[in-house]
Amino acid sequence: MADLEEHFERTIASDRRVEPRDWMPDGYRATMVRQIAQHAHSEIIGMQPEGEWITRAPTLRRKAILLAKVQDEAGHGLYLYSAAETLGADRAELTEMLLQGRQKYSSIFNYPTRTYADVGVIGWLVDGAAICNQVPLCRSSYGPYARAMIRICKEESFHQRQGYELLAAMMAGTAAQRAMVQGAVDRWWWPALMMFGPPDTSSPNTARSMAWKIKRHTNDELRQRFVDVTVPQARVLGVTLPDPELRWNAERGHHDFGPIDWSELKRVIGGGGPCNERRIAVRRAAHEDGAWVREAATAHAAKRAGPGGS
Ligand code: FAQ
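Please read all numbers here as calculations on a predicted model, not as lab measurements.

Asker: I'm lost on the nonpolar core in this one. Help?
Answerer: In globular proteins that are soluble, nonpolar side chains generally tend to be buried together. In terms of nonpolar packing, the biggest core is built from 48 residues, with W124, W188 and F226 touching the most fellow members. Mapped by element, the contributors of at least two residues to this core are α4 (60-85), α6 (116-134), α7 (143-171), α8 (175-194), α10 (219-237) and α11 (262-272). The leading source of residues in this core is α6, at 10 residues. Apart from the residues within four sequence positions on either side, W188 is in contact with I108, Y111, P112, T113, D118, V121, I122, L125 and V126.

Asker: Sorry, what's going on with the packing of α4 against α7 here?
Answerer: Angle between the axes and distance between the axes: these two values describe a pair of packed helices. The N-to-C vectors of α4 and α7 enclose an angle of 160°; their axes lie 10 Å apart at closest approach. Between α4 and α7, the crossing angle belongs to the class labelled roughly antiparallel. Helix-helix and strand crossings are classified by hand; for α4 and α7 the assignment is left-handed. Looking at the contact of α4 with α7 residue by residue, the class counts come to 11 nonpolar, three polar and nine charged.

Asker: In this structure, what is going on with α10? I would like to understand it.
Answerer: Because the α-helix completes a turn every 3.6 residues, residues three or four places apart line up on one side. With 19 residues, α10 should cover 27 Å at 1.5 Å per step; its first-to-last C-alpha distance of 27 Å lies within 8% of that length. Of all the bends in α10, the greatest, near 25°, is centred on T230, and the proline P232 appears no more than four residues after it. Packed against the buried residues of α10 are α6, α7, α8, α9 (206-211), β2 (254-256) and α11. Phi turns positive, to about 90°, at G238, one or two residues after α10.

Asker: Looking at this structure, I do not really get the pattern of salt bridges. What am I missing?
Answerer: Pairs may arise between side chains of opposite charge once their charged atoms sit close together. For the coordinates displayed, the defined rule picks out 16 salt bridges. Where R216 meets D15, a salt bridge forms, and the shortest distance between an N and an O atom there is 3.1 Å. Of this pair, R216 sits in the loop between α9 and α10 while D15 sits in the loop between α1 (2-13) and α2 (26-45), placing them 201 residues apart in sequence. Take R216: its relative accessible area is 19%, and that puts it in the buried class. With a shortest N-O distance of 3.2 Å, E155 and R151 are connected by a salt bridge. Of this pair, E155 and R151 are both found in helix α7, four residues apart, which corresponds to roughly one turn of the helix. On the accessibility criterion, E155 (18% relative accessible area) is buried.

Asker: Just checking my understanding: could you explain the site of the ligand for this structure?
Answerer: Around the ligand lies a shell of 34 residues, among which Q38, K104, S203, K215 and N219 are the nearest. Contacts to the ligand include N133, whose side-chain N or O atom sits 3.0 Å from an oxygen atom. Between the ligand and K215 there is a distance of 2.7 Å, counted from an oxygen atom to a side-chain nitrogen or oxygen. Look at the ligand: alone it shows 1,100 Å² of surface, and the protein chains cover 90% of it. Broken down by secondary-structure element, the contributors of at least two residues to the shell around the ligand are α2, α4, α6 and α7. In the shell around the ligand, the residues fall into 12 nonpolar, 13 polar and nine charged.

Asker: Looking at this model, I keep getting lost on the state of the cysteines. Mind explaining?
Answerer: The term disulfide refers to a covalent linkage connecting the sulfur atoms of a pair of cysteines. Evaluation of the coordinates by the stated rule reveals zero disulfides. Cysteine C138 remains unbridged, with the sulfur of C153 as its closest cysteine sulfur at 4.0 Å.

Asker: Is there a simple way to explain the packing of aromatic side chains in this structure?
Answerer: Remark: the centre distance and the inter-plane angle together describe each pair of aromatic rings, the angle taken between the planes. Following the criterion strictly, the structure yields eight aromatic pairs and no others. The interplanar angle of 85° and the centroid separation of 6.2 Å between the aromatic rings of F8 and W23 together place this pair among those described as edge-to-face. With a gap of 15 residues between them, F8 in helix α1 and W23 in the loop between α1 and α2 connect regions that are remote in the sequence. By relative accessible area, which is 2% here, F8 ends up buried. On the basis of relative accessible area, W23 is assigned to the partly exposed category, the value being 24%. Geometrically, the ring pair formed by W189 and F226 is stacked, given 5.9 Å between the ring centres and 25° between the ring planes. Taken together, the residues W189 in helix α8 and F226 in helix α10 connect sequence positions 37 residues apart. According to the relative accessible area criterion, W189 is buried, its value standing at 0%. Three or more aromatic residues joined by ring pairs form one cluster here, namely F8, W23, Y28 and W212. In this arrangement the basic side chain of R56 is found over the ring face of W53, its NZ or CZ atom lying 3.9 Å from the centre.

Cut-off values and rules
Residues numbered from 1 in each chain as written. Predicted model: local features only at pLDDT ≥ 70, side-chain atom pairs only at ≥ 80, totals over all residues. Heavy atoms only, no water. Core = buried A, V, L, I, M, F, W, Y, C linked by side-chain atoms within 4.5 Å. Buried < 20%, exposed > 50% of the residue type's maximum accessible area, 1.4 Å probe, protein only. Helix = DSSP H or I, 4+ residues; strand = E, 2+ residues; numbered from the N terminus. Contact = heavy atoms within 4.5 Å. Axes fitted to C-alpha atoms, helices over the stretch in contact; angles between N-to-C directions. Parallel < 35°, antiparallel > 145°, perpendicular 65-115°, else oblique. Left-handed = near helix turned anticlockwise from the far one by under 90°. Nonpolar A, V, L, I, M, F, W, Y, C, P; charged D, E, K, R; others polar. Expected span 1.5 Å × (residues − 1). Bend = angle between axes of the 7 residues up to and from the residue. Salt bridge = Lys/Arg side-chain N within 4 Å of Asp/Glu carboxyl O. Near = heavy atom within 4 Å. Polar contact = N/O pair within 3.5 Å; in protein donor to acceptor, adjacent residues only side chain to side chain. Areas by Shrake-Rupley, 256 points an atom, 1.4 Å probe, with all protein chains shown as cover. Disulfide = S-S within 2.5 Å. Phe/Tyr/Trp six-rings, centres within 6.5 Å; stacked < 30°, edge-to-face > 60°. Lys NZ or Arg CZ within 6 Å of the ring centre and 35° of its normal.

Here it is in structure tokens:
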């Protein structure tokens, strides 16, 4: 046991990857399952806010792009559930825990998409925040998660650009379209900053996850990075970020920004966001509607495995 533990510690210290068959502390396994499952649930629930606009996309081109993006999110969720399975988690149980509210998904997907500009802002800000958070996770210590993150980040970066391009097109349009973009930015800016999680001073998991090299940066470090990369993009786009305290601080070499309403994050994580109930209800209905597919797949697998099967 001491040998196994030492091997694990050496793997972490020398920046090598922990692989599914390696011994790992129970706490490490539980943390990985928690983070990967939450991430997978976020991708699957995250299909809903934009998915609601597929039938209302303004042109065939926009519809094709949006369909592809939402399908990518489904793919990310499936990769991530597979990564959780390498730790011994059961996909059906993870889904059950999501539906019962025993596992979380990102707070950001509990906000409504009121106009088509919201689709662009989700690409620009939400995928932009996801990239800031996930690029360092490509170096996360758990091999299957880190490797899944590489492809996911490539796709998210395409998603971010399509959102920005959509917004740039709207900003080149009518005054009403520009107002629509500004309205969407006003509604999504603060929730996007909350995606990075609670401040470091009240983040119970960060220290342990950093020591295990699951997380490579703290929540506040990544939030700051996101603000710094996004401010110049907002300027080029011609939108105002809704924070009167946002300004460059030459001494710190970063942007200062105003206080975040942490009570809102707490409320949304706790189930009290504008769309929490709807998101889970839609997910539950999709799961129930898909029962026949799971049954058919199980019957098919049993038939293939049985005598006479190939
Ligand atoms: N929402 O101690 P910490 C996407 C929870 S991107 C809900 O700081 P940790 C792409 C946290 O889980 C979104 N819950 O926790 C896309 C913990 O609860 P627990 C998904 C939150 O793990 C784009 C408690 O608060 N990305 O889907 C949130 O060290 C567009 C205390 O927090 C990922 O999941 C929140 N915002 O750090 C799809 C990235 N923040 O479990 C569609 C991977 C915190 O103890 C469209 N995850 N909590 O009960 C991570 O990097 C980390 O898990 C953090 C949280 C940074 C999210």
